[in-house]
Amino acid sequence: MKRLILVAFMLISGFAFAQTEGYKVGDVVKDFSLKNVNNKMVALADYKDAKGYIVVFTCNTCPVAKAYQDRISALNATYAVKGYPVVAINPNDAGAVPDESFQKMQALASEKKFNFPYLLDPDHVVTKQFGATRTPHVFVLNKTGKGNVVEYIGAIDNDPEEANSTKVEYVKNAVNELSIGKKPAIASTKAVGCGIKWKKG
């Protein structure tokens, strides 16, 4: 039943959507500072020893985002120690969806024992800079002499239901390749998930 609900939801909201605005692969990302669920501000520059970042736009309520919560935690557990931490950002407006409130974010982070920052972007400023359109939507960044360069944009993998026999783990592959000095063989895919809930007016 859970799988059927997820499939139905994805069909209703649209299975895949291409990014049309915001950062493209090769762009340098402007740093930001957003409030974490622990009430502290977090910026990319805070990670002095980072080699790059896995920036994930995700949320509390989307069934697709929920299906990826454990996988996002696993990405951070694997790659933060290798210099590529997860930085998660909730782009949704709590006025449109009350369960996306900061308090609900704190509760979810506590319940799921998130091992990464879960940041609030209340006015969609960072979300629009990146050009995120879905939850989840991932941007893998590589720290270089000219700044944090976008090296991959899109989905975490091609298996939202964890039932694909030909699963391709896009984010893992991208980070693994970057960590040995190579460019990702697949630099962009279509993000799968729910549309971002924007502020009205």
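Now for a look at the structure at hand. (Residues numbered from 1 in each chain as written. Predicted model: local features only at pLDDT ≥ 70, side-chain atom pairs only at ≥ 80, totals over all residues. Heavy atoms only, no water.)

## Some points on the overall build of the protein chain
Piece 1. Regarding its fold elements, the protein chain presents five helices and 10 strands.
Piece 2. Relative to its 201 residues, the protein chain shows a buried fraction of 49%.
Piece 3. Put simply, of all contacts in the protein chain between residues at least 6 apart along the chain, 76% involve residues at least 24 apart.
Piece 4. When the accessible surface of the protein chain is summed, it comes to about 9700 Å², and 55% of that surface belongs to carbon and sulfur atoms. (Helix = DSSP H or I, 4+ residues; strand = E, 2+ residues; numbered from the N terminus. Buried < 20%, exposed > 50% of the residue type's maximum accessible area, 1.4 Å probe, protein only. Contact = heavy atoms within 4.5 Å. Areas by Shrake-Rupley, 256 points an atom, 1.4 Å probe, with all protein chains shown as cover.)

## Some points on the pairing of strand β5 (residues 86-90)
Piece 1. For β5, the buried fraction is high: five of the five residues fall into the buried class.
Piece 2. Of the two faces of β5, both are covered, the one formed by Val86, Ala88 and Asn90 as well as the one formed by Val87 and Ile89.
Piece 3. Across four bridges, the pairing between strand β4 (residues 52-57) and β5 is parallel. Among the inter-strand pairings, isoleucine 54 is bridged to a residue of β5, identified as valine 86.
Piece 4. With respect to chirality, the unit in which β4 leads through helix α2 (residues 63-79) into the neighbouring parallel β5 is right-handed.
Piece 5. When β5 meets strand β6 (residues 118-120), the two strands line up parallel, connected through three bridges. From the neighbouring strand, alanine 88 faces β6, where its bridge partner is tyrosine 118.
Piece 6. In this view, the connection linking β5 to its parallel neighbour β6 by way of helix α3 (residues 102-112) has right-handed handedness. (Pairing = 2+ DSSP bridges. Right-handed = clockwise from strand over helix to strand, strands pointing away.)

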